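Listed below are the residues making up each chain.
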Amino acid sequence: MKRIIILTICLVTVLVETAAQKDMAVAPVFAGKVVPKKRMEETLVKGESIHKFKLSLFRSLKMEVSTVERDTIESLVLLDAPGMEDSSETEYEMKDGHLSYCIVSLPAQQKRYLCYQCYESRPDTYQLTLVYIEGWATLKDLHRTFKRK
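The text that follows walks through the structure, step by step, so that each part is easy to find.

Thresholds, definitions, all that
Residues numbered from 1 in each chain as written. Predicted model: local features only at pLDDT ≥ 70, side-chain atom pairs only at ≥ 80, totals over all residues. Heavy atoms only, no water. Helix = DSSP H or I, 4+ residues; strand = E, 2+ residues; numbered from the N terminus. Buried < 20%, exposed > 50% of the residue type's maximum accessible area, 1.4 Å probe, protein only. Contact = heavy atoms within 4.5 Å. Pairing = 2+ DSSP bridges. Axes fitted to C-alpha atoms, helices over the stretch in contact; angles between N-to-C directions. Phe/Tyr/Trp six-rings, centres within 6.5 Å; stacked < 30°, edge-to-face > 60°. Lys NZ or Arg CZ within 6 Å of the ring centre and 35° of its normal.

Some details on unusual backbone geometry
For K54, which is not glycine, the phi torsion reads 65° and is therefore positive. Its place among the elements puts K54 in the loop between α3 (48-51) and β2 (55-66). We classify K54 as partly exposed; its relative accessible area is 34%. Non-glycine residue D96 carries a positive phi angle of around 55°. Overall, the relative accessible area of 75% leaves D96 in the exposed class.

Structure representation (structure tokens):
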């Protein structure tokens, strides 16, 4: 009986975490449908350990991607960030015609952010980080917490 309860709790936890990104264009990236999960390093933090940063959920994917994968992920991020030039809770940087960095505030009752960073590590290969954050932190708070390469 204990095993069934523990298994059910684990399953519900995974479903709740993935549901947060379901309404987003980048959901396939978090689901491992753009880049296989075995090529991604995922970090998931929630609960009391991140409350000191004014966050309730932090989900990060780090991966090495090809040009085609980078372009696909970049286009999905841009779909989630319409009008990012006009938002005070958003910042971004373009390099050589491609998105290299952004923090995008997403509409919701609580603050939600999508963060993206990509740089070329060698010809036609990129280091890409995609982060989904929920909580009550402001963009200023996130700057104090996270450093950018």
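Having seen the model, we can carry on.
Focus: the environment of V29
Among the structural elements, V29 can be located in helix α2 (residues 27-30). Overall, the relative accessible area of 0% leaves V29 in the buried class. Between the C-alpha atom of V29 and that of I73, which follows or precedes it by 44 residues, the distance is 7.1 Å. Discounting chain neighbours no more than four positions away, the residues touching V29 are V34, M40, L61, M63, I73, L76 and L130.

Remarks on the sheet that holds strand β4 (residues 98-106)
With antiparallel pairing, the six strands of this open sheet are ordered in space as β1-β2-β6-β5-β4-β3. Across the chains shown, the open sheet's two edge strands, defined by having one partner strand only, are β1 (40-46) and β3 (91-95). Pairs of neighbouring strands in the sheet enclose a mean axial angle of 10°, with direction left out of account. Summarising the sheet, strand β5 (residues 111-122) and strand β6 (residues 125-135) pair through eleven bridges and their orientation is antiparallel. By the bridge assignment for β6, C115 is matched with V131. Taken strand by strand, helix α4 (residues 67-80) contacts β2, β4, β5 and β6, and its axis lies near 150° from that of β2.

Concerning the packing of aromatic side chains
Aromatic ring pairs: the centre-centre distance and the angle between the two ring planes describe each pair. The full count for this structure, using the stated rule, is zero aromatic pairs. Over the aromatic face of Y126 sits the side chain of R70, whose NZ or CZ is 4.3 Å from the ring centroid.

Some points on the pairing of β2
Of the strand pairs in this sheet, β1 and β2 are connected by seven bridges, and their pairing is antiparallel. When the bridges of β2 are listed, L44 appears paired with R59.

As for the pairing of β6
Judged by how many residues are buried, β6 sits mostly within the fold: nine of eleven residues are covered. Summarising the sheet, β2 and β6 pair through eleven bridges and their orientation is antiparallel. From the neighbouring strand, M63 faces β6, where its bridge partner is L128. In sequence, β5 turns back onto β6 through a hairpin of two residues, with D124 there showing a positive phi of about 60°.

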